[in-house]
Each structure stands twice: as C-alpha cells, then as structure tokens.
Protein chains: 4
Amino acid sequence: MTSHPAPPDGCFRGPVHLYAVRVYFEDTDMSGVVYHANYLRWFERARSDMLRLIGIDQRAAQEAGAGFYAVAGLTIRYAAPARLDDDILIESHPLELRAASCRIRQRALRAATLLAEADVRVGFVGADGRPRRQPEPWRAAFARLVATGEPPA
Amino acid sequence: MTSHPAPPDGCFRGPVHLYAVRVYFEDTDMSGVVYHANYLRWFERARSDMLRLIGIDQRAAQEAGAGFYAVAGLTIRYAAPARLDDDILIESHPLELRAASCRIRQRALRAATLLAEADVRVGFVGADGRPRRQPEPWRAAFARLVATGEPPA
Amino acid sequence: MTSHPAPPDGCFRGPVHLYAVRVYFEDTDMSGVVYHANYLRWFERARSDMLRLIGIDQRAAQEAGAGFYAVAGLTIRYAAPARLDDDILIESHPLELRAASCRIRQRALRAATLLAEADVRVGFVGADGRPRRQPEPWRAAFARLVATGEPPA
Amino acid sequence: MTSHPAPPDGCFRGPVHLYAVRVYFEDTDMSGVVYHANYLRWFERARSDMLRLIGIDQRAAQEAGAGFYAVAGLTIRYAAPARLDDDILIESHPLELRAASCRIRQRALRAATLLAEADVRVGFVGADGRPRRQPEPWRAAFARLVATGEPPA
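Residues numbered from 1 in each chain as written. Chains lettered and ligands numbered in written order. Predicted model: local features only at pLDDT ≥ 70, side-chain atom pairs only at ≥ 80, totals over all residues. Heavy atoms only, no water.

**Let's talk about the relation of the copies chain A and chain B**
The condition that has to hold: In superposing the copies, a least-squares fit is computed on C-alpha atoms, taking residues whose pLDDT is at least 70 in both. We call two residues contacting when some pair of their heavy atoms lies within 4.5 Å.
Once chain A has been moved 0.0 Å along the axis and rotated by 180 degrees, it coincides with chain B to within an RMSD of 0.0 Å. Between the two chains, the operation in question is that of a two-fold axis. The position closest to the rotation axis in chain A is occupied by the C-alpha of Pro8(A), lying 2.7 Å away. Counting the interface residues of chain A, we find that 100% of their copies in chain B are interface residues as well, pointing to one common contact surface.

**Focus: the relation of the copies chain D and chain A**
For these two chains of identical sequence, chain D goes onto chain A by a turn of 180 degrees and a shift of 0.0 Å along the axis, with RMSD 0.0 Å. A high fraction, 100%, of the interface residues of chain D reappear at the interface in chain A, so the copies pair face to face through one surface.

**Quick word on the interface of chain A and chain B**
As a reminder, the rule being used: As a working definition, buried area equals the accessible area (1.4 Å probe) given up by two parts on being put together, with both sides summed. Every case where a carboxyl oxygen of Asp or Glu lies within 4 Å of a side-chain nitrogen of Lys or Arg is listed as a salt bridge. Secondary structure follows DSSP: runs of H or I at least 4 residues long count as helices, runs of E at least 2 residues long count as strands, and numbering of each begins at the N terminus.
The interface of chain A with chain B comprises 36 residues on the first partner and 36 residues on the second. Of the roughly 3300 Å² buried where chain A meets chain B, counting both sides, 56% is carbon and sulfur surface. Along the contact surface separating chain A from chain B lie 10 salt bridges. Put simply, Arg41(B) and Glu26(A) hold a salt bridge, and the shortest N to O gap is 2.4 Å. For the side of chain A that touches chain B, the secondary-structure elements that each account for two or more residues are β1 (11-13), β2 (16-22), α1 (38-53), α2 (58-63) and β4 (87-97) of chain A.

**Focus on the packing of aromatic side chains**
All names here are of chain A. The condition that has to hold: Two aromatic rings from Phe, Tyr or Trp, using only the six-membered ring of Trp, form a pair when their centres are within 6.5 Å; if the ring planes differ by under 30 degrees the pair is stacked, by over 60 it is edge-to-face, and anything between is tilted. For each residue, the accessible area found with a 1.4 Å probe, counting protein chains only, is set against the maximum for its type, and the residue is called buried under 20%, exposed over 50%, and partly exposed in between.
A complete count under the given rule lists 28 aromatic pairs over all chains for this structure. With a centroid separation of 5.4 Å and 65 degrees between ring planes, the pair formed by Tyr-39 and Tyr-78 is classed as edge-to-face. Of the two residues, Tyr-39 is situated in helix α1 and Tyr-78 in strand β3 (residues 68-78); the sequence distance between them amounts to 39 residues. Residue Tyr-78 is classed as buried on the basis of its relative accessible area of 14%. In textbook terms, an aromatic cluster arises when at least three aromatic residues are bridged by ring pairs, as seen for Tyr-69, Phe-124, Trp-138 and Phe-142.

**Things to note about the interface of chain D and chain A**
The cut-off we apply is this: Polar contacts, as counted here, are pairs of nitrogen or oxygen atoms within 3.5 Å of one another; within protein the pair requires one atom able to donate a hydrogen and one able to accept it, and residues that are adjacent in sequence qualify only if both atoms are side-chain atoms.
On the chain A side, the residues contacting the 20 residues of chain D number 20 residues. Note on chain D versus chain A: buried area summed over both sides is about 1800 Å², and carbon and sulfur give 60% of it. Linking chain D with chain A are zero salt bridges, by the criterion used here. Where chain D touches chain A, the interface holds nine residue pairs in polar contact (both at pLDDT 80 or more). Per-element accounting of the side of chain D that touches chain A gives the leading share, nine residues, to strand β3 (residues 68-78) of chain D.

**A look at the sheet that holds strand β6 (residues 113-125) of chain C**
Note the threshold: By this definition, two strands are paired if DSSP reports at least two bridges between them. In this description, a line fitted to the C-alpha atoms serves as the axis of each element, helices being fitted only across the stretch in contact, and the angle between N-to-C directions of two axes falls anywhere from 0 to 180 degrees.
Pairing within the open sheet is antiparallel, and its 12 strands lie in the order β1(B)-β2(B)-β4(B)-β5(B)-β6(B)-β3(B)-β3(C)-β6(C)-β5(C)-β4(C)-β2(C)-β1(C). Two strands close off the open sheet at either side, each with one partner strand: β1 (11-13) of chain B together with β1 (11-13) of chain C. Adjacent strand axes in the sheet meet at a mean angle of 30 degrees when their direction is disregarded. The sheet contact formed by strand β4 (residues 87-97) of chain C and strand β5 (residues 101-110) of chain C spans eight bridges and is antiparallel. Within β5(C), the position partnered with Ser92(C) by the bridge is Gln106(C). In the packing of helix α1 (residues 38-53) of chain C onto the sheet, the strands contacted are β3 (68-78) of chain B together with β1, β2 (16-22), β3 (68-78), β4, β5 and β6 of chain C, and the crossing angle to β2(C) comes to about 130 degrees.

**Some points on helix α3 (residues 136-148) of chain A**
Residue and element names in this part refer to chain A. Note the cut-off: Given the number of residues in a helix, its expected span is that number minus one, multiplied by 1.5 Å. The directions from the helix axis to the C-beta atoms are what the arc is built from.
Compared with the 18 Å implied by 1.5 Å per residue over 13 residues, the 18 Å span of α3 between its first and last C-alpha is a close match. Taken as a whole, α3 has its buried residues at Trp-138, Ala-141, Phe-142 and Leu-145. Taken end-on, α3 shows its buried residues confined to a sector of 90 degrees, consistent with a single buried face. Across from the buried face of α3, at angles greater than 90 degrees, the exposed residues are Pro-137 and Ala-147. Phi turns positive, to about 70 degrees, at Gly-149, one or two residues after α3.

**Topic: the sheet that holds β2(A)**
Strand order across the open sheet formed by 12 strands is β1(A)-β2(A)-β4(A)-β5(A)-β6(A)-β3(A)-β3(D)-β6(D)-β5(D)-β4(D)-β2(D)-β1(D), with antiparallel pairing between neighbours. Edge positions in the sheet fall to β1 of chain A together with β1 (11-13) of chain D, since each of these pairs with one other strand and no more. Across the sheet, the mean angle separating the axes of adjacent strands is 30 degrees when strand polarity is ignored. Packing of α1(A) onto the sheet brings it into contact with β1, β2, β3, β4, β5 (101-110) and β6 (113-125) of chain A together with β3 of chain D, and relative to β2(A) it is tilted by some 130 degrees.

**Some words on the confidence of the model for chain A**
Reading predicted coordinates in detail is not appropriate for stretches of low pLDDT. Put simply, the rule reads: The predictor attaches a confidence to each residue, and that confidence, scored 0 to 100, is pLDDT.
Of all residues in chain A, 97% have pLDDT values of 70 or greater, and the mean over the chain is 92. This complex was scored by the predictor with a pTM of 0.96 and an ipTM of 0.95.

**Structural notes on unusual backbone geometry**
One non-glycine residue, Asp85(B), lies in the positive phi region at around 75 degrees. Position of Asp85(B) relative to the elements: it lies in the loop between β3 and β4 (87-97). Here Asp85(B) falls in the partly exposed class, since its relative accessible area comes to 22%. For Ala111(C), which is not a glycine, the phi torsion comes out positive at approximately 50 degrees. If you trace the backbone, Ala111(C) turns up in the loop between β5 and β6.

Right, dumping it as structure tokens:
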C-alpha cells in the first residue's frame, strides 16, 4: 500500500522554527537566481507554518472576522544567491512579543551557507485593518515560545 | 538529536507522480480563494519534482546550454476553490511521448474533491529557444514511465 | 508644472479591448523568457481593465458581498517567447455571453508577433463561491459589447 | 485612426522618478489588501523603468554577459493597505552612488496617503554573480541624476 506525500511541515528546535523549501522555476528570474522578492514569500510560508504548529488557526480567525497578522515592516539582507533545485532551510526565531505585534528573525540557508537574513515585524490587525491586541491564546502561545524556548507540546 | 525538515518530495504510484502542497497567503487573492494562475505554479513544481525523481537534472542541462522544457500549451478546468491551509495533492500522469515534447495530465485534489484538472503539453527547446529533440536519456526515462507505468528504480 | 504618470489604461477598438504591458524581471524565469503562468496574470489585468472601462466596479461588488468573476477554465497556447523590456499588447475579445458566464478570447502580441493566445471562460460567483447570474447591469454592458461591437460611451 | 495603448512609462520630477501602477487581483491576498511582498515587485518595476529612462539597457547588458543589478538589501515599512483598483504612485529617489552599488529611496503613495516606504541597496554583479564596478556609462548616468537632480535630456 502506498501512502500520499504530505505537504511540507516544519518543526521546532528549541524556540527556532525550521522549514524547508526547494527552488523551482517560478522562484527564479532571468539572472538565473532566485528573484529577491520571493524570499519574502518563503518567509511568510515559514511563519504560517510556525503559527499552525503552535496552534494558531489563521483561517478560522479570518473567517470569524477576528483579524489576521500583517507584516508591518522588515529589513532583509541578501548574502548569496540561490539556484534551481537548491534545498533551502528557513529558520524563524521569534524575538520579541508585544500586545499587538511580534518581531521574528528569519534566515534562509543552503547547508551552512547563509543566503538571506531578515528581521520582520508582524502586527495583528482587525477585520477593519486597524492594529489591535492579539487574541489572548495566540499571545500566550507566542509568549511561551519566546520565554521558555519551548513550542507547545 | 534533531533532524532538519526536508523539502517536499513527491513519489510515484505506478506511472502517476504525487506531490503535496499547502495553501499559503501568497496563493490566495481578495476573493478568499487560490488565485487561478497559481495552480500553474503548483503544477510546474510537481512536474519539476517528477523530472528530478526520474533522474532528469534540469539545472545541469541548462547550465550546460543543452536546453530546457517549456510549456507549449495547456487546458485547465477549475472545479472547486481552495483556501488557506488546505492540503492539496497534485497528481501528474505522463500520457504521451514524442521526440521533442510530452503531454501530461495533472490534477489538484483536496482529499476526494477535485479542484482543478489540466492537460499540459511540454516541449523541449534548445538554448536558442527553438524546439529540439529531448536528450536521449531523458526521452528514455519518460518512455519507460509511459510504457510500463514504472518509474526508475 | 509636472503631471503624474497615470496607471496603464486600455482602450477599445470596436469590441476588442487593448491593453499594454512591459516585461520586467519579475515576469521572467531562469530560462531567460517570461514564465508561462505569468501570461495568465497579464490576461487577468487586461480583463479587469476591460470591466472597469465598461463600467463594472468589481471592488464595490465584492465589498457589497455581491460576488465576483472567477476563471472557470481556459486553454492557452504559447507561440513565441517574450523577454525583458518587450512591449506586449494584450487583446481581449468577448465572444459569448451567458447568464452566469462569458467567454473571452485573449492574445498577447509583440508588434506583429503572436506570443500566446487563450480562450478563457469566466463565471460569476456569489460570496459563497457558487455560480450565480451576473448583475443585470454587468450582463447588459457585456451584451452591448458582444452584440454591437461597441463599448459604452 | 486608433492608436495602441502604450505600456506604463514613468517620468522624472527633478531627480525623483515617478511610476504608476494599478492594483489587480494578482496583487491582493485573502486579507483583502495587497500582499506585502508585491510592493517589492512594484518597486523593481519602477527601478527598471528609471534605468530605462536614463539610458541603461539591462537586457543588452545581460545578453552580452556584462552583468546586472541585484538587490543587496532593503528595509521596508508598511504604512497603510492598498486595495483592488487603487491607483498607486511609486516614487524612486537615488540617494547615494558607489562604484559597485547605489541606494534608492522608494515610496508607494495613493494620492497623499503613504502606503509603504523602502530603502533599497542595489549592487552590480557580473555574470558570475560577484560584485563588480558598474559599467562606466551607467555610473555616470546615475551620478548626474544624484548630483544635479537632472535626468538625461
């Protein structure tokens, strides 16, 4: 009997979330390497996976009109290019937690080679697009991760 | 000891290649569901993974100036929408093999629900962008898959 | 006094809508030409512009919960590649109008060279994602375009 | 006689390059507003247009193997969301010029509302991906823009 392949799942190593991507044609541009904006898509995939693993259901929250996380700002530095078929590891490290936002350090690596590193501020916004406090269970899940370095059991 | 997560890998069930994706924010649009063009990106990821698994190294071929596969045409029908966090299975079934092209049937499914199905013609083109015969080992790998329903050992 | 540049606007030549795009890095992939799925994004931009010009306000309709157009299926054939900085003309020709859907023929051209041509079926769906009749003013605007070859004054 | 629509062209107001985009479905995500990474695509379009207007032919340079500009890093702050059909003005202001790189300040505005502002460092790299001096005519064109606030005649 053959099982289905599963969609990509990340995992935690202490407080750091690990997530893997492979480079496809869609990620590259005519310069032969990954287009710079596409790292932001990978980082977003990794953050979404991290949220899912600590029990935050973004889709349910949005369908209920509770709001969603939005990127408030980021700084990114590109250190080395990535190419087709490369196996990339995305590390996401929540660094700071506030009532309505959090700050996450993210890196893209190919084995030991740093490709890009970013500092991303994510804010919670209501259905009206205005900043508001994160849902308490969400804040608590993040707080546990930041304070103890331990993801939920 | 903690291992790294691996990038998504597909597998074969007979001649059909299976590949899994999860829906992220980047895939959706303001209508709340996956933007129609993004299915083409998923299908391309799946085809690239299928090629990789049967031993075709697209990056080496391109770096050597040997050429690459390009989509020559496709027909796609959208049957049901996909939403954030959905687990999607992409099935790819090579149906027909010619000297310079092949035809692949691809479907996107969420469990038993068909989301989209496509018939994709892919042609091999030289570095000059003109159609040319596929490299013989590539053609042979595809021929084995189409004829015997068996991927390479 | 300096005026601002305006965002791209299409126009009609009889019933055919014309819209122009230029190729940027984001549109290309490592093969040096435009990534196949990106033609679908250009075609969608052109259809949105066509709707806007015949007086259909998609944003207002969606914000009011009235529904939106969704691509139900399409066939596309790629005839020639496009490269960075190319000036591309997108032609959109509404061919057929039904209560809940319409069919549009679209082509991408660089001067006299056909790059891609598509036949796109677009259906109207309610906020629940189910097919429903187009708003009567929308259907009427399309009908006038299809029947008389004349866009609204 | 009917003329064709032209692809979007920017212009200069002193040393500041202006470029307009409109928001399409492809730019948005399920939160109803423009996906954060897509501002980077708009900013890249604007920079490419600015280069084109000051006489830099990126495509010819790349085809000749001379190299290309690559984003080395950027900081972006999101101030307000953008929605379908919004008319957005992208301002690009070259601030600093070095032998192998330049720094450009970019903003996205909807009328008087600031949507996002970024500080982008762009480096010139050879066909081997390594930093190298910009072609002298390119450096000179930028230098004139930065020093005198005057684009080429």
